[in-house]
Number of protein chains: 2
Amino acid sequence: MKAEIIAVGTELLLGQVVNTNATFLSEELANLGIEVYYHTVVGDNPKRLEQLLVEAEGRSDLIVLCGGLGPTDDDLTKDTVAAHIHRPLVQDEQALARLHEFFTFSKNKMTENNLRQTLMIEGGIAVQNPTGLAVGTLITENKTTYLLLPGPPNELKPMFQQNARPLLEELFPQAEQLISRVLRFYGIGESQLVTELKELIDTQTNPTIAPYAKPNEVTLRLTAKIADELMGQQLLDKLEAEVMAKVGAYFYGYGDENSLVKVTVDALKKHGKTVTAAESLTAGLFQSTLGDIAGVSEVFKGGFVTYSAETKAHFLGIDPELLEKEGTVSEACAIAMAEQARTLSDADFAVSFTGVAGPEELEGQPAGTVWIGLAEKGQPTIAVLQHFNRDRSYIRQGAVMKGLDLILRAVTKKK
Amino acid sequence: MKAEIIAVGTELLLGQVVNTNATFLSEELANLGIEVYYHTVVGDNPKRLEQLLVEAEGRSDLIVLCGGLGPTDDDLTKDTVAAHIHRPLVQDEQALARLHEFFTFSKNKMTENNLRQTLMIEGGIAVQNPTGLAVGTLITENKTTYLLLPGPPNELKPMFQQNARPLLEELFPQAEQLISRVLRFYGIGESQLVTELKELIDTQTNPTIAPYAKPNEVTLRLTAKIADELMGQQLLDKLEAEVMAKVGAYFYGYGDENSLVKVTVDALKKHGKTVTAAESLTAGLFQSTLGDIAGVSEVFKGGFVTYSAETKAHFLGIDPELLEKEGTVSEACAIAMAEQARTLSDADFAVSFTGVAGPEELEGQPAGTVWIGLAEKGQPTIAVLQHFNRDRSYIRQGAVMKGLDLILRAVTKKK
């Protein structure tokens, strides 16, 4: 089962856009047991795309194309593939209905060219686009299967995961399946995690252990290759226990689609607790991160962004003399912010962030210095000092993750 | 002058690494007036790489290879290209001296396989590696030029910029250069923009017009191919004026690295105005977006996240009866939020967001319904109703962009 990925788009060849779709699809296909042998990028040029299709058919069973399904004249992938396999394009009714619904709801003007997005290749299976308007197609012709997906990653990803993957699983069942489990860790770097697990990793065969560093967290993917699902799960259980014996203190949850904020919000819900925040350098990023989670209103009612000393005093009622004497980047300020935010909103927990987002230093302290406070009803308020390296965005993200970690540990009483 | 880029590395095909080298090299080559027609990724497999070289030679004058110059057994690019053009590998003395110096300085033990990194293809020009140990080669054989570069981006980039680019400039002097300009638009979709500019786009030759859709905005890249820089800028000026005559109402700024929030913060600074916010469904995302910009403290002091009806009443002092009577997803609520936030923080402008982030409906209104308020000192407060389609994240991002647009237009008095 050989596959290759063809990304279509002149913007890729001009270096304006990175081909992250190929990376995403490669990982997804590997999980399906489908091996990817080539990635190719070609511009919005039907002749060169056609030539590539000829080459690809000679060496691959599955050709995944991404890009060129949009409304404009340079979106030519669908037309080119259809002409190549001598099939016409036909309207997909479901995509058409969705298009009309979109324009009715948003009250934007629908231009004629939008209809192009609802065309699919005749005889194929329409692949619906949950976050966009361009419909995809899965079609097999002369032993080659073509999967056409849109270019924008925020459309391609959900479309693949929700609609294309199940179709591929059905079309290409694997004798041995890959059964995998993702463990997520916060508070330990990739190199330290790998060092702690060195013996396990060096001797891995089946299941395998693949560490992956993401900003401010690390995941481990345990993968067993086996015919029987239950036996696979047992292998993973055993390996997981060995991993947890070494680094379980940093584990916070399972799964690719999980996150520290999701686990934290779930824990707050489970324990019936509410949270608020007072944010200085993070400027709302903590609360906005909570807001990403549907249904967070159960545990989060609101909070404060106090970017300046004046708003810290004015919105939260912190004594200006304390701010003057201790500075805003201080333990005392973080504690006062958390306590006042908690009191004002009558939440069970409050977290506060005050520090130096950079690039300039502040109050004589270098960029990356952050105090994070945690107030809990009936408990002494604490504040922890963190030092984040790298850029402004990383510092603010890092602070938010640490805030979530503090809340999660407090709610679940985990040390 | 046609070029293509071949990246060698199984890790790319497994989706473990993103092919940022191709993006970087494409941009660099475009600046040299060298057009890139293909990117390809192939695994650490000499046979498949050899086959690709045959195809590439048939269509490109310059083949840039990256990856596979390292010390380990799967680093096969150099050997494969050398064998393909029937030339031996020879030691490069400068790279060898550098290797010895490195191991003397770092006191690490030098293993035998490190010597592989100092080999180059006989008859070519050695391309030294300022930040690594693997030497590259530039060599022309039978009208095809091969440039071999290492895989790690932190080695490839300085090596290309310091050592490979000057060699290419000498080898391929360009009569014409590419001069480009990026225009950014908010408030118009890609399909509508393209429809408005249809005549210009259909007749484009030099300069060209390339539209690109990003979430909640569209960019247009105007590119002239011309020998003289000044004449190129004049061509772009003329085309830009034609574009602006049609869609100038949606234009907000220039450049690849620009954004609506950056332009808005700059405008606030320029006019000496401050801004605050009261956020419900966006939950701090607007303020956090402001916080992305270094130096925003000059124009932003803080604000409120009022996710629930209680915090809208309690933090902002909005009459609970108004919330009860009008609902929180209402023009009246958006106006009250903006006015109260502005008054409480004594800012020049306040923006408010209240609506339905979804996926569930709220107060009988569907997900994507958002009221955005704008209060300005000495002006009547307004609120606009927006309908965003797609998912929760898109709805919240869309609301934030519209809020920035309202502020920017108010500050710059643009209709």
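Residues numbered from 1 in each chain as written. Chains lettered and ligands numbered in written order. Predicted model: local features only at pLDDT ≥ 70, side-chain atom pairs only at ≥ 80, totals over all residues. Heavy atoms only, no water.

- Labelled according to an unreviewed UniProt entry, chain A appears under the name Putative competence-damage inducible protein, originating from Enterococcus silesiacus.
- Recorded in UniProt under Sequence similarities (unreviewed entry), the annotation for chain A is "Belongs to the CinA family." (UniProt positions renumbered as here; feature names shortened; annotations may be inferred.)

Side note on the overall build of chain A
(1) Moving on: Along its length, chain A carries 15 helices and 17 strands.
(2) Moving on: Across its three principal directions, the C-alpha atoms of chain A cover 80 × 60 × 40 Å.
(3) Moving on: Sequence-distant contacts, at least 24 apart, represent 68% of the contacts inside chain A between residues at least 6 apart.
(4) Moving on: Working note: accessible area of chain A is about 17500 Å², and carbon and sulfur atoms make up 51% of it.
(5) Moving on: Distance between charge centres in chain A, computed from 38 positive and 55 negative side chains, equals 3 Å. (Helix = DSSP H or I, 4+ residues; strand = E, 2+ residues; numbered from the N terminus. Contact = heavy atoms within 4.5 Å. Areas by Shrake-Rupley, 256 points an atom, 1.4 Å probe, with all protein chains shown as cover. Lys, Arg positive; Asp, Glu negative; His and termini not counted. Charge placed at Lys NZ, Arg CZ, Asp CG, Glu CD.)

Regarding the side chain of threonine 145 of chain B
All names here are of chain B.
(1) Moving on: Turning to its location among the elements, threonine 145 is positioned in strand S8 (residues 144-149).
(2) Moving on: Given a relative accessible area of 3%, threonine 145 falls into the buried group.
(3) Moving on: A polar atom in the side chain of threonine 145 sits 2.9 Å from the side chain of threonine 140.
(4) Moving on: With sequence-adjacent residues up to four places away left out, threonine 145 is seen in contact with Asp61, Leu62, Ile63, Leu138, Ile139, Thr140, Leu171 and Phe172. (Buried < 20%, exposed > 50% of the residue type's maximum accessible area, 1.4 Å probe, protein only. Polar contact = N/O pair within 3.5 Å; in protein donor to acceptor, adjacent residues only side chain to side chain.)

Some details on the sheet that holds strand S10 (residues 208-214) of chain B
All names here are of chain B.
(1) Moving on: Spatially, four strands are ordered S10-S11-S9-S12 in an open sheet, and the strand pairing comes out antiparallel. Both outer strands of the open sheet, S10 and strand S12 (251-254), are each paired with one neighbouring strand and no more. Along the sheet, successive strands turn relative to each other by an average axial angle of 25 degrees, direction set aside.
(2) Moving on: By the bridge criterion, seven bridges tie S10 to strand S11 (residues 217-226) in an arrangement that is antiparallel. (Pairing = 2+ DSSP bridges. Axes fitted to C-alpha atoms, helices over the stretch in contact; angles between N-to-C directions.)

Overview of the UniProt feature "domain: MoaB/Mog" (unreviewed entry) in chain A
(1) Moving on: The sites that carry the UniProt feature "domain: MoaB/Mog" (unreviewed entry) are, in the present numbering, residues 4-170 of chain A.
(2) Moving on: Within the segment residues 4-170 of chain A, helix and strand shares are 41% and 23% respectively, and the terminal C-alpha atoms sit 19 Å apart.

Considerations on the environment of glycine 355 of chain A
Residue and element names in this part refer to chain A.
(1) Moving on: Within the secondary structure layout, glycine 355 lies in strand S15 (residues 349-355).
(2) Moving on: Taking relative accessible area as the criterion, glycine 355 reaches 7% and is therefore assigned buried.
(3) Moving on: Linking glycine 355 and glutamine 386, residues 31 residues apart in sequence, is a C-alpha distance of 9.2 Å.
(4) Moving on: With residues near it in sequence (within four places) discarded, glycine 355 still touches Leu281, Val329, Leu362, Thr369 and Val370.

Structural notes on the side chain of histidine 84 of chain B
(1) Moving on: Inspection of the secondary structure assignment puts histidine 84 of chain B in helix H4 (residues 77-84).
(2) Moving on: Not counting the four nearest positions on each side in its chain, histidine 84 of chain B is found in contact with Glu50, Leu53, Val54, Glu57 and Tyr146 of chain B.

Focus on the interface of chain A and chain B
(1) Moving on: Each side of the interface is counted separately: chain A has 71 residues, and chain B has 72 residues.
(2) Moving on: Roughly 5700 Å² is buried in total at the junction of chain A and chain B, and carbon and sulfur atoms are behind 57% of that figure.
(3) Moving on: Applying the counting criterion to the chain A and chain B interface returns four salt bridges.
(4) Moving on: Along the contact surface separating chain A from chain B lie 28 residue pairs in polar contact (both at pLDDT 80 or more). (Buried area = accessible area lost by both parts, 1.4 Å probe. Salt bridge = Lys/Arg side-chain N within 4 Å of Asp/Glu carboxyl O.)

Overview of unusual backbone geometry
All names here are of chain A.
(1) Moving on: In this structure, proline 359 follows glycine 358 across a cis peptide bond, with omega equal to 5 degrees.
(2) Moving on: Within the element layout of this structure, proline 359 appears in the loop between S15 and strand S16 (369-376).
(3) Moving on: In this structure, histidine 86 takes a positive phi of about 55 degrees despite not being glycine.
(4) Moving on: Tracing the backbone shows histidine 86 in the loop between helix H4 (77-84) and strand S4 (89-91).
(5) Moving on: A relative accessible area of 72% places histidine 86 in the exposed class.
(6) Moving on: Although it is not a glycine, glutamate 363 adopts a positive phi angle of roughly 50 degrees.
(7) Moving on: By the secondary structure assignment, glutamate 363 is in the loop between S15 and S16.
(8) Moving on: The exposure class assigned to glutamate 363 is partly exposed, which follows from its relative accessible area of 43%.

Quick look at the nonpolar core
(1) Moving on: With 78 residues, the main nonpolar core has Leu290 of chain A together with Leu290 of chain B as its most contacted residues.
(2) Moving on: When residues no more than four places from it in sequence are discounted, the contact partners of leucine 290 of chain B are Val261, Val265, Val275, Val296, Phe300 and Leu404 of chain B.
(3) Moving on: Formed by 53 residues, the second largest nonpolar core is a distinct cluster that contains Leu138 and Ala164 of chain A together with Ile5 and Val36 of chain B. (Core = buried A, V, L, I, M, F, W, Y, C linked by side-chain atoms within 4.5 Å.)

Notes on the packing of helix H2 (residues 20-31) of chain B against helix H6 (residues 153-171) of chain B
When two helices pack together, their arrangement is given by the angle between the helix axes and by the axis-to-axis distance.
Residues and elements named next belong to chain B.
(1) Moving on: Where H2 contacts H6, the axes come no closer than 11 Å and their chain directions differ by 25 degrees. Regarding the angle of H2 to H6, the classification is roughly parallel. Of the two elements, H2 crosses H6, and the hand of that crossing is right-handed. In this structure, H2 uses Thr20, Asn21, Phe24, Leu25, Glu28 and Leu29 to contact H6, whose residues at the interface are Pro153, Leu156, Lys157, Phe160, Gln161, Arg165 and Leu168.
(2) Moving on: Grouping the constituent residues of the contact of H2 with H6 by class yields seven nonpolar, three polar and three charged. (Parallel < 35°, antiparallel > 145°, perpendicular 65-115°, else oblique. Left-handed = near helix turned anticlockwise from the far one by under 90°. Nonpolar A, V, L, I, M, F, W, Y, C, P; charged D, E, K, R; others polar.)

A short note on the sheet that holds strand S3 (residues 62-66) of chain B
(1) Moving on: As summarised here, the arrangement of the twelve strands in space is S6(A)-S7(A)-S8(A)-S3(A)-S1(A)-S2(A)-S2(B)-S1(B)-S3(B)-S8(B)-S7(B)-S6(B), forming an open sheet in which the pairing is mixed. Strands with a single pairing partner mark the edges of an open sheet, and in this sheet they are strand S6 (125-127) of chain A together with strand S6 (125-127) of chain B. Strand-to-strand twist across the sheet, computed as the mean angle between neighbouring axes with direction ignored, equals 15 degrees.
(2) Moving on: Sheet strands in contact with H2 of chain B are strand S1 (2-8), strand S2 (35-42), S3 and S8 of chain B, and its direction is about 145 degrees off that of S3 of chain B.
(3) Moving on: Along the sheet, H4 of chain B contacts S1, S3 and S8 of chain B; its crossing angle with S8 of chain B, the most-contacted strand, is approximately 165 degrees.

Concerning H2 of chain B
Residue and element names in this part refer to chain B.
(1) Moving on: Compared with an ideal rise of 1.5 Å per residue, which puts twelve residues at 16 Å, H2 spans 17 Å between its outermost C-alpha atoms and is within 8% of the ideal.
(2) Moving on: Among the twelve residues of H2, nine are classified as buried, and the element is accordingly described as predominantly covered.
(3) Moving on: Within H2 the residues assigned to the buried category are Asn21, Ala22, Thr23, Phe24, Leu25, Ser26, Glu28, Leu29 and Ala30.
(4) Moving on: Looking one or two residues past H2, glycine 33 carries a phi angle of roughly 80 degrees, positive in sign. (Expected span 1.5 Å × (residues − 1).)

Some points on the pattern of salt bridges
(1) Moving on: Counting across every chain of the model gives 40 salt bridges over all chains.
(2) Moving on: Across the pair arginine 409 of chain A and aspartate 405 of chain A runs a salt bridge, and its minimum N-O distance is 3.1 Å. With arginine 409 of chain A and aspartate 405 of chain A both in helix H15 (residues 392-412) and four residues apart, this pair spans about one turn of that helix. Taken as a pair, arginine 409 of chain A and aspartate 405 of chain A share a single burial class, namely buried.
(3) Moving on: Shared partners join several salt bridges into a network, and the residues in it are Glu4 and Arg59 of chain A together with Glu55 of chain B.

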